[in-house]
Amino acid sequence: MQNIGVLGTGTWGTALLRLLANKGHAVTAWSALPREVEALSATRRHPKLPGMTVPDSAVFTADIAAACRERDMLVFAVPSPYVRATARAAAPFVAKDQLIVDVAKGMEAETLMTLTEVIGEEMAKHGKAPRLAALSGPTHAEEVARDLPTTIVSASPDARAAAQVQSAFMTDCLRVYTNADIRGVEVAGALKNVIALAAGIAGGLGYGDNARAAIITRGIAEMARLGAAMGCSKETFSGLTGLGDLVVTCTSMHSRNNRCGMLIGQGKAADEAVREVGMVVEGLNALPAALKLGKKYGVELPIIEGVHSIVDLGVSPREMVAELMRREPKPENWI
């Protein structure tokens, strides 16, 4: 049994804290919203995870210090735009060599840092040198909350940290693999959400399975090209956190990014689509960083750039698809 703090009680954070508590870990979960803490403490249910009940052993708190102090592991489950502020608030209360696991997917647009890099930087300001890991893969919270079979990856250059996370989360319903390429895992997790927006847009336009398959396969090619230029392992992008996560995000209506893209393809503006989805759409948050990384490393990203043209520049989705189809002919395996 481990003593674990979970920062963030959205659908993913709540699904994971339930899993951890059911496994016998002592779990304390923090939310910045006192009303959310009160509701979860009273009902033991999350309104967007119907049928799921959180064990009575899990404790909910609005005091971030209480969630962070004396923990074997600290899980960051807040949406990517709030990771830095949460790390800044948590830093005074964590141990110097705290094991911290980030389960959100995204990158910081201003610094182009991955989320574990953001956490590490904020901890360093307080003299902390945490052991960092990322937990990522094809994992819809709605299915993990129902104990449906799922696979995920514990990524860290610190093999001991990766193994500790693997041990903590592994159950009969959640199979956890390890990977030393933490940067590749985090880059893949951020970029696949942008590609999923493209798949949703194509679906909203009424295009079929052929178009979706094209976006998935050419999307993974974009992701792998950029990852390789950044020094990541190409194998990571053909694994669970690359191809696996991309497939599930592009094909499931559990996917916020797929749903948001579909609404955009049907003619709605991005902000209107986000409101209708009703939750954070990480692909839109990751888009600025993806564009900057492509320019920084000189990597062509036609699908990602196409999403930018639609979302930010007002280009018609149907015209953008036509432009992609008219691009200069190339061999499939061009670099």
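Along each chain, numbering runs from 1 in the same order as the chain's sequence is written. This being a predicted model, a pLDDT of at least 70 is required before a residue's local features are given, and a value of 80 or more before pairs of side-chain atoms are given or counted; all residues contribute to the totals for chains, interfaces and linings. Remark: hydrogens and water are excluded; side-chain values derive from all non-hydrogen atoms of the structure.

K.L.:
Even after reading the chapter, I still don't get the sheet that holds strand β6 (residues 131-136), so can you show me in this structure?
P.N.:
Paired through backbone hydrogen bonds, the strands of a sheet run either parallel or antiparallel to each other. Reading across the sheet, the eight strands line up as β3-β2-β1-β4-β5-β6-β7-β8 and stay open at both edges, with mixed pairing between neighbours. In the strand order of this sheet, the two ends are held by β3 (59-61) and β8 (174-179), each with one partner. Sheet twist, expressed as the mean angle between neighbouring strand axes with direction ignored, is 25°. As paired strands, strand β7 (residues 150-155) and β8 are joined by six bridges and run parallel to one another. For V153, the partnering residue across the bridge sits in β8 and is Y177. What makes two residues a contact is simply this: any of their non-hydrogen atoms within 4.5 Å. The convention used is that axes are lines fitted to C-alpha atoms, helices contributing only their stretch in contact, and that angles between N-to-C directions extend from 0 to 180 degrees. Counting from the N terminus, the helices are the DSSP runs of H or I reaching at least four residues and the strands are the DSSP runs of E reaching at least two. Across the sheet, helix α4 (residues 83-90) lies against β1 (3-7), β2 (26-30), β4 (73-76) and β5 (99-102), angled at about 150° from β4, the strand it touches most. We call two strands paired when DSSP finds no fewer than two bridges between them.

K.L.:
Please clarify how the pattern of salt bridges should be interpreted in this entry.
P.N.:
Charged atoms that come close allow side chains of opposite charge to pair. We define a salt bridge as a contact between a side-chain nitrogen of Lys or Arg and a carboxyl oxygen of Asp or Glu at a distance within 4 Å. Within the structure shown, the criterion is met by 14 salt bridges. Two residues, R18 and D147, come together in a salt bridge whose shortest N-O distance is 2.9 Å. On the criterion of sequence distance, the pair formed by R18 in helix α1 (residues 11-22) and D147 in the loop between α6 (141-144) and β7 is long-range, its members being 129 residues apart. The rule is simple: take the accessible area with a 1.4 Å probe, protein chains only, and divide by the maximum for that residue type; under 20% is buried, over 50% is exposed, in between is partly exposed. We classify R18 as buried; its relative accessible area is 9%.

K.L.:
Even after reading the chapter, I still don't get the nonpolar core, so can you show me in this structure?
P.N.:
The nonpolar side chains of soluble globular proteins are, as a tendency, buried together. Here, nonpolar core means buried Ala, Val, Leu, Ile, Met, Phe, Trp, Tyr and Cys residues that are tied together by side-chain atoms lying within 4.5 Å of each other. The biggest cluster of nonpolar side chains holds 47 residues, and the ones touching the most others in it are I195, M223, C260 and I304. Of all the elements in the fold, those that place two or more residues in this core are α8 (182-204), α9 (209-229), α11 (240-251), α12 (256-265), α13 (270-277), α14 (282-297) and α15 (302-313). Sort the elements by how many residues they give to this core and α8 lands first, with twelve residues. With near-sequence residues (within four places) excluded, M223 lies in contact with A188, L191, K192, I195, F237, G242 and L246. L19, A141, A168 and F169 belong to the second-largest nonpolar core, a separate cluster that totals 36 residues.

K.L.:
Where do I start with the pairing of β7 in this structure?
P.N.:
One face of the sheet, then the other: side chains in a regular strand alternate in exactly this way. Extensive coverage of β7 is indicated by the burial of five of its six residues. In terms of strand pairing, β6 meets β7 through three bridges, oriented antiparallel. In the strand pairing of β7, L135 is matched with S154.

K.L.:
What am I meant to see in the environment of Q2 here?
P.N.:
Secondary-structure assignment places Q2 in the segment before β1. Residues Q2 and M113, spaced 111 residues apart in sequence, show a C-alpha to C-alpha distance of 29 Å. In this view, Q2 contacts H25, A26, D72, M73, Q164 and A168; residues no more than four positions away in its chain are not counted.

K.L.:
Looking at this model, I keep getting lost on unusual backbone geometry. Mind explaining?
P.N.:
Generally, phi is negative for residues other than glycine and the peptide bonds are trans, each holding for most cases. Even without being glycine, R44 reaches a positive phi, approximately 60°. On the secondary structure map, R44 appears in the loop between α2 (34-43) and β3. Within the chain, D147 stands out as a residue other than glycine whose phi angle is a positive 60°.

K.L.:
Where do I start with α12 in this structure?
P.N.:
Given 3.6 residues per helical turn, the α-helix brings residues three or four places apart onto the same face. The buried count for α12 comes to seven of ten residues, which makes it a mostly enclosed element. Buried within α12 are the following residues: N257, N258, C260, G261, L263, I264 and G265. Residues of α12 that are buried make contact with α8, α11, α13, α14, α15 and α16 (317-325). Of the residues flanking the start of α12, the one acting as N-cap is S255, its side-chain oxygen 3.4 Å from the backbone nitrogen of N257. Any pair of nitrogen or oxygen atoms within 3.5 Å is treated as a polar contact; in protein, a donor-acceptor pairing is required on top of that, and neighbouring residues in sequence qualify only through side-chain atoms on both sides.

K.L.:
Which parts of the structure should I look at to understand α4?
P.N.:
Where α4 is concerned, the buried positions are V83, R84, T86, A87 and A90. Angular distribution of buried residues about the axis of α4 spans 165°; they occupy a single face of the element. On the buried face of α4, the contacting elements are β1, β2, α3 (64-68), β4, β5 and α5 (115-124). As used here, the arc is the angular range of directions from the helix axis to the C-beta atoms.

K.L.:
Before we go on, may I ask you to explain the packing of α15 against α16 in this structure?
P.N.:
A pair of packed helices is characterised by two quantities: the angle between their axes and the separation of those axes. One can describe the packing of α15 onto α16 by two numbers: an axis separation of 10 Å at closest approach and a directional angle of 155°. Our classification of the angle between α15 and α16 gives roughly antiparallel. Crossing handedness for the pair α15 and α16: right-handed. Of α16, the residues touching α15 (which contributes P302, I303, G306, S309 and I310) are P317, M320 and L324. Under this scheme an angle from 65 to 115 degrees is roughly perpendicular, one under 35 degrees roughly parallel, and one over 145 degrees roughly antiparallel; angles in between are oblique. Handedness of a helix crossing follows the sense of rotation of the near helix relative to the far helix, less than a right angle counterclockwise being left-handed and clockwise being right-handed.

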